[in-house]
Amino acid sequence: MSTTLDVTAYEHILTATIQRPEAMNAINFELMDELERVLDHLENSRMRAFVLTGAGRDLFVSGGDLKEFHGIKSADEAEQMARRMGAILKRIERLPCWTIASINGSTYGGGWELMLAFDFRIASADATFHFSQGKFYLPPGWGGLTRLVEKVGRSTALRWLAETAEIDAGKALNYGLIDRLCPPDERTEQTYDWAKEMCKNDRDYIKTLKQGALAFSEARWKAIEQEIQPFARLWEDERHHTRVEKFLNKKD
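Because the structure is predicted, anything quoted here is derived from the model rather than measured.

Because an α-helix packs 3.6 residues into every turn, residues spaced three or four apart end up facing the same way. Along helix α10 (residues 218-225), the positions that sit buried rather than exposed are Arg 220, Trp 221 and Ile 224. For α10, the angular spread of the buried residues around the axis is 105 degrees, confining them to a single face. Of the exposed residues in α10, those oriented more than 90 degrees away from the buried face are Glu 218, Ala 219 and Lys 222. Tucked into the core, α10 has its buried residues touching α3 (75-93), α5 (144-152), α9 (203-214) and α11 (228-236).

Here's what the structure looks like:
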């Protein structure tokens, strides 16, 4: 039985809700396991849409679980973790069904890397987006740099990462980081209505469109792959471990 991911299916739409409120909906190894199981199902089912959201109203995903991942010390271990999560995001991006990230609250670091692997993003009007990797002396390592540049352009992407910026939902919409805004109390309903609207045609039609839209992009897969080793190298750096230690001690 899933403990970190609540999965429901209705008609042609599968919804998965991250259930880790005690860890701010952070991504850990158990959640990776469960995402992989959901992807196994989605790749072999007739679902036409996949929706991912977070439990509660405060947080979508707070990024990687720093407390759990702080046990990773070497570049080799960091590379293995990044490759695994990167593979999950690549599978999400290549699913033969529509994918929607339904952003219920704030998202940090790896959380926005996760949402950018989805076809579409809808967010509560009070959501915020935190480009927080730099606070821990890390670059994006799950393909987020490439996908962020695609969405908002090179200069804006680099500026947000350099400034460890926090932007609100209105600004995210204006820059094309997300596709829709909605009142917080209407997000679940509007997400479902939007998914239902896009499910009018069958899965073969959806797959044809998505494969065509990715056909030009061999170079981007190489760029995504090339994010992993710099991420792993800086993960091993003492400045990363010191900043994480300070953060965790402050929280305690």
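Read on, since the account is not over.
So, about the sheet that holds strand β8 (residues 128-130). One open sheet accounts for four strands, arranged β4-β6-β8-β9; its pairing is mixed. In the strand order of this sheet, the two ends are held by β4 (59-61) and β9 (166-168), each with one partner. The average angle at which neighbouring strand axes cross in this sheet is 20 degrees, direction not considered. Sheet analysis places β4 next to strand β6 (residues 106-108), joined by two bridges and oriented parallel. Residue Leu 59 lies in a different strand from β6, and its bridge partner there is Ser 106.

Okay, the environment of Trp 112 next. Inspection of the secondary structure assignment puts Trp 112 in helix α4 (residues 110-115). Overall, the relative accessible area of 0% leaves Trp 112 in the buried class. Along the primary structure Trp 112 and Pro 140 are separated by 28 residues, whereas in three dimensions their C-alpha atoms are 10.0 Å apart. Of note is the side chain of Trp 112, whose polar atom sits 3.5 Å from the side chain of Gln 133.

A word on the packing of aromatic side chains. As enumerated under the stated definition, the model contains ten aromatic pairs in all. Measuring from centroid to centroid gives 5.6 Å for Phe 50 and Phe 118, while their planes differ by 35 degrees, and the two rings are tilted. With Phe 50 in strand β3 (residues 49-54) and Phe 118 in the loop between α4 and β7 (120-124), the pair connects residues that are 68 residues apart, well separated along the chain. For the pair shown, Phe 50 and Phe 118 are each scored as buried. Centre to centre, the rings of Phe 131 and Trp 160 are 5.0 Å apart; their planes meet at 35 degrees, and the pair counts as tilted. Within this pair, whereas Phe 131 is found in the loop between β8 and α5, its partner Trp 160 is found in helix α6 (residues 154-162), the two being separated by 29 residues in sequence. Pairwise contacts between aromatic rings join Trp 112, Phe 131, Trp 160 and Tyr 175 into one cluster. Its guanidinium or amino end placed over the ring of Trp 221, Lys 90 lies 4.8 Å from that ring's centre, counting from NZ or CZ. Here the guanidinium or amino end of Arg 220 rests over the ring plane of Trp 221, the centre of that ring lying 4.9 Å away.

Take the environment of Ala 123 next. Structurally, Ala 123 can be placed in strand β7. Ala 123 gets classed as buried once you look at its relative accessible area, which sits at 0%. Spatially, the C-alpha atoms of Ala 123 and Gly 170 are 9.7 Å apart, while their sequence positions differ by 47 residues.

Parameters at a glance
Throughout, residues of each chain are indexed from 1 in the direction in which the sequence is written. The model is predicted, so local features are restricted to residues of pLDDT at least 70 and side-chain atom pairs to those at 80 or more, both for listing and for counting; the totals for chains, interfaces and linings are taken over all residues. Each side-chain value is derived from all of the structure's non-hydrogen atoms; neither hydrogens nor water enter the calculation. Buried, partly exposed and exposed residues are distinguished by accessible area as a fraction of the type maximum, computed with a 1.4 Å probe on protein chains only: under 20%, between the cut-offs, and over 50%, respectively. Secondary structure is summarised from DSSP: a helix means a run of H or I of at least four residues, a strand means a run of E of at least two, and numbering begins at the N terminus for each. In this context, the arc is that of the directions from the helix axis out to the C-beta atoms. Note on contacts: a residue pair is in contact if any heavy atoms of the two residues lie within 4.5 Å. For two strands to count as paired, DSSP must find a minimum of two bridges between them. Axes here mean lines fitted to C-alpha atoms, for a helix over just the part in contact, with angles spanning 0 to 180 degrees between N-to-C directions. Contacts described as polar in this section are N or O atom pairs within 3.5 Å, which, within protein, must combine one atom able to donate a hydrogen with one able to accept it, while residues neighboring in sequence count only if both atoms come from side chains. Geometry of aromatic contacts follows a simple scheme: Phe, Tyr and Trp rings, the Trp one being its six-membered ring, pair when their centres are within 6.5 Å, and the pair is stacked under 30 degrees between planes, edge-to-face over 60, tilted otherwise. In this scheme, the term charge over a ring applies when either NZ of a lysine or CZ of an arginine sits within 6 Å of the ring centre and within 35 degrees of the ring normal.

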